[in-house]
Amino acid sequence: MTVSRRTVLGGLAALPFSPSLLRAQNSARVVILGGGFGGASLARVLRRIAPELSVTLIERDTVFHTCPFSNGVLGGMWPLDRVAFRYDALAADGIDVVHAEASAVDPAEKSVTLADGRKIAGDVLVLAPGIQFDWAGIEGLTAETAEILPHAWKAGPQTQLLRDQLVAMDDGGLVVIGIPAPPFRCPPGPYERISLIARYLKAAKPASKILVLDAQDNFSKQPLFEEAWKNLYPGMIERIPGSQSGKVLSVDAEKHRISTGFDDVTAAVANIIPPQKASQLVIDAGLDKGLGWCPVDPVSFESTVAPGVYILGDATLAGDMPKSGFSANVQAKACAQAIVNTLAGRKLDPSKLINVCYSLAAPEYGFSIADVFAQGPEKIKLLQSAGRTTAVGASAGIHAAEAEYAESWYRTITTEMFG
Amino acid sequence: MKFKASAFCILASYYILAASVAIAGNGARLAEACTSCHGLEGRGGGKIPPLAGRPETELLAQMQGYQKNEPATEATIMPRILRAYDDAEIAALATYFSDMKP
């Protein structure tokens, strides 16, 4: 009998994605807080590579709305339902899904306290709580007034609210979009939003205008967005950058007045995206070291503050990686390997990570940024600084293909998490 | 002498296997980042092509074309991604995905 090299290699190569080595070694409990791109991806990957582990996922909402593709709802390309996912498949996978609001995190005892007083502790604690809004950053903007001036920066009811306001607006109305200073979740997201709202207005309310009040001077994929706006929506979008006092300083929600250091405008519809920082749960636990975001080890995503506590996604300071669903998903896969190896007493070698963000300027007009990162030694480091995006002047065929790839990516990643 | 020769062969094959395992294992780790688009099973849905079970030589040739930014057909993100990987990493990825069940 001969065993081919291929057979041997194939078996060994598949190890990291096959039933784990440590079945006999333990059945540790992993508690994950947050069922978004970081937490849901991690729960499912752990079931796959280490089925002997007990996995508990704590998530407040029974329905998760993805921020990716939610700008398409605002542009009238598809209904909110398209970006809504339930956790049934995770429960069927053997993940203990607990729908409850968390009120505190204790890194030392690796526990999460729930609003109803229950406490859930694990051998390993993973925190993927996402962002909170820094309401103090804009005078007059609060969780309450955001019901009048929606941020729609956590997808769900806020997305529908903004869509309904756009639909109800008269032709000729002024839509104001306020963009905060970085870092914020999804760097190209506001500009995709501007594009798809413009697309809706051009078709349904062509006398309307979009005024962008931007705290930033430069932004992600800027030449590509500006090229698309010029070609697809000429004369419809005006943008005031931060250096020309574009930053929104205060709002009067009742009057729809939006103020910068330079001017006041009255909007028909105002989408004011507040500045952001990590969830208060991780800040209260001291995991942000006072920085507003949590530093993590570049290989394992273990907190640099609390051993045995891992942090994923938007809440982290992840070196050069942006705050995106794609990043959180890739981080979850690396973190799963770190958890399994650490439990087995092995050290994990660094690998390479990827982030790809597609943006749509119109239904059949997409472009992308694609980055590869090395894990360490000091931080997660971007490997190529030039030529990271689709080329300016790319053909209609390229833009159509990138829009199709965006759809394909969305289907694959949401199926991985929720299908 | 005979004993020594076979010991050498065993030792040599151990090192050859160990070296291959290191590369193949590396392929599995490197491939994790690919799965966000190409799927955990090496196949997703829609336009992004499946990779699982495709001939190793075909995958290798296609990835080398992207790596050198000389794709056989019009490309989008793959040349931008694969320029950040070296020849050994690309070979490991080709082996890993061709070994996956299609």
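Before any of the text, the structure's been laid out above.
Please read all numbers here as calculations on a predicted model, not as lab measurements. (Residues numbered from 1 in each chain as written. Chains lettered and ligands numbered in written order. Predicted model: local features only at pLDDT ≥ 70, side-chain atom pairs only at ≥ 80, totals over all residues. Heavy atoms only, no water.)

Caption draft 1: Broad picture of the overall build of chain A. A count of helical and extended segments in chain A gives 10 helices and 24 strands. In chain A, which comprises 419 residues, the proportion classed as buried is 60%. At a minimum sequence separation of 6, the contacts of chain A that also span at least 24 residues come to 67%. With the model as given, the accessible surface of chain A reaches about 16100 Å², and the carbon-plus-sulfur share is 53%. Side chains of chain A give 38 positive and 43 negative charges; the mean places of these two sets differ by 6 Å. (Helix = DSSP H or I, 4+ residues; strand = E, 2+ residues; numbered from the N terminus. Buried < 20%, exposed > 50% of the residue type's maximum accessible area, 1.4 Å probe, protein only. Contact = heavy atoms within 4.5 Å. Areas by Shrake-Rupley, 256 points an atom, 1.4 Å probe, with all protein chains shown as cover. Lys, Arg positive; Asp, Glu negative; His and termini not counted. Charge placed at Lys NZ, Arg CZ, Asp CG, Glu CD.)

Caption draft 2: Up close: the overall build of chain B. Counting its secondary structure elements, chain B contains 5 helices and 0 strands. Counting from the amino terminus, helix and strand elements in chain B follow one another as α-α-α-α-α. For chain B, the proportion of its 102 residues judged to be buried stands at 45%. Taking contacts inside chain B between residues at least 6 apart in sequence as the whole, the part at least 24 apart equals 64%.

Caption draft 3: Focus on the environment of Leu232 of chain A. All names here are of chain A. Here Leu232 lies in helix α7 (residues 222-232). Separated by 81 residues in sequence, Leu232 and His151 place their C-alpha atoms 25 Å apart. Excluding its chain neighbours within four sequence positions, the residues that come into contact with Leu232 are Lys202, Ala361, Ala362 and Tyr365.

Caption draft 4: Geometry of the interface of chain B and chain A. Chain B puts 36 residues into the contact, and the matching count from chain A is 48 residues. Counting the surface chain B buries against chain A, the share from its top three residues, Arg29, Leu40 and Arg80 of chain B, is 19%. Viewed at the interface, chain A and chain B are joined by 3 salt bridges. A salt bridge links Arg80 of chain B to Glu402 of chain A, with the nearest nitrogen and oxygen atoms 3.5 Å apart. Connecting chain B to chain A are 20 residue pairs in polar contact (both at pLDDT 80 or more). Elements supplying a minimum of two residues to the side of chain B that touches chain A: α1 (2-31), α2 (35-38), α4 (78-82) and α5 (87-99) of chain B. For the side of chain B that touches chain A, the leading source of residues is α1 of chain B, giving 7 residues. (Buried area = accessible area lost by both parts, 1.4 Å probe. Salt bridge = Lys/Arg side-chain N within 4 Å of Asp/Glu carboxyl O. Polar contact = N/O pair within 3.5 Å; in protein donor to acceptor, adjacent residues only side chain to side chain.)

Caption draft 5: View of the pattern of salt bridges. Residues and elements named next belong to chain A. Under the definition given, this model contains 19 salt bridges over all chains. The residue Arg60 makes a salt bridge to Glu101 at a minimum N-O spacing of 3.9 Å. Of this pair, Arg60 sits in the loop between β2 (54-58) and β3 (63-65) while Glu101 sits in the loop between β5 (96-98) and β6 (102-106), and the two are 41 residues apart along the sequence. Via salt bridges that share partners, Arg60, Asp61 and Glu101 belong to a single interconnected network.

Caption draft 6: Quick look at the side chain of Asp371 of chain A. All names here are of chain A. Its place among the elements puts Asp371 in strand β23 (residues 365-375). A distance of 2.7 Å separates the side chain of Asp371 from the side chain of Arg388, its partner in a polar contact. With residues near it in sequence (within four places) discarded, Asp371 still touches Leu353, Ile354, Asn355, Leu382, Gln384 and Arg388.

Caption draft 7: The arrangement of helix α9 (residues 325-343) of chain A in detail. All names here are of chain A. Taking 1.5 Å of rise per residue, 19 residues should cover 27 Å, and α9 covers 27 Å from first to last C-alpha, within 8% of that figure. Taken across its 19 residues, α9 has 17 buried, putting it largely inside the fold. Among the residues trailing α9, Gly345 stands out with phi positive, at a value near 80°. (Expected span 1.5 Å × (residues − 1).)

Caption draft 8: Region of the structure containing the environment of Glu59 of chain A. All names here are of chain A. The topology assignment puts Glu59 in the loop between β2 and β3. As for Glu59 and Asp263, which are separated by 204 residues in sequence, their C-alpha atoms are 42 Å apart. In this structure the side chain of Glu59 is engaged in a polar contact, spanning 2.8 Å, whose partner is the backbone nitrogen of Asp61.

Caption draft 9: Structural view of the environment of Arg48 of chain A. Within the fold, Arg48 of chain A resides in helix α2 (residues 37-49). Among the residues examined, Arg48 of chain A registers a relative accessible area of 27% and is labelled partly exposed. In this structure, the C-alpha to C-alpha distance between Arg48 of chain A and Cys294 of chain A, residues 246 residues apart in sequence, is 27 Å. A distance of 3.5 Å separates the side chain of Arg48 of chain A from the backbone oxygen of Leu40 of chain B, its partner in a polar contact. A polar side-chain atom of Arg48 of chain A sits 3.1 Å from a polar atom in the side chain of Glu41 of chain B.

Caption draft 10: Summary view of the nonpolar core. With 147 residues, the main nonpolar core has Leu42 of chain A together with Tyr85 of chain B as its most contacted residues. Considering every element that reaches this core, the biggest residue donor is α9 of chain A, with 10 residues. Dropping the residues within four chain positions of it, Tyr85 of chain B is found in contact with Lys352, Ile354 and Val372 of chain A together with Leu30, Gln67, Ile90 and Leu93 of chain B. (Core = buried A, V, L, I, M, F, W, Y, C linked by side-chain atoms within 4.5 Å.)

Caption draft 11: Fine view of the sheet that holds strand β8 (residues 119-121) of chain A. All names here are of chain A. Pairing is antiparallel across the open sheet formed by 3 strands, whose spatial order is β6-β7-β8. Every interior strand has two partners, whereas the edge strands, β6 and β8, have only one. Between one strand axis and the next, the sheet turns through 20° on average, direction left out of account. The sheet contact formed by β6 and strand β7 (residues 111-114) spans 4 bridges and is antiparallel. By the bridge assignment for β7, Val105 is matched with Val112. (Pairing = 2+ DSSP bridges. Axes fitted to C-alpha atoms, helices over the stretch in contact; angles between N-to-C directions.)

Caption draft 12: Representation of the pairing of β23 of chain A in the model. Residues and elements named next belong to chain A. Taking burial as the measure, the 11 residues of β23 include 11 buried ones, the bulk of the element. Of the two faces of β23, the one holding Tyr365, Phe367, Ile369, Asp371, Phe373 and Gln375 and the one holding Gly366, Ser368, Ala370, Val372 and Ala374 are both buried throughout. With 10 bridges joining them, strand β22 (residues 352-362) and β23 adopt antiparallel strand pairing. Each bridged residue has a counterpart across the sheet, and for Val356 the counterpart in β23 is Ala370. Where β22 folds back on β23, the antiparallel hairpin that results is connected by 2 residues. In this structure, β23 lies alongside strand β24 (residues 380-382), joined through 3 bridges in antiparallel fashion. When the sheet's bridge partners are listed, Gln375 is paired in β24 with Ile380. Hairpin connection of β23 to β24: 4 residues between the antiparallel strands, including Gly376 at a positive phi of 100°.

All we've got here are geometric facts, nothing functional implied.
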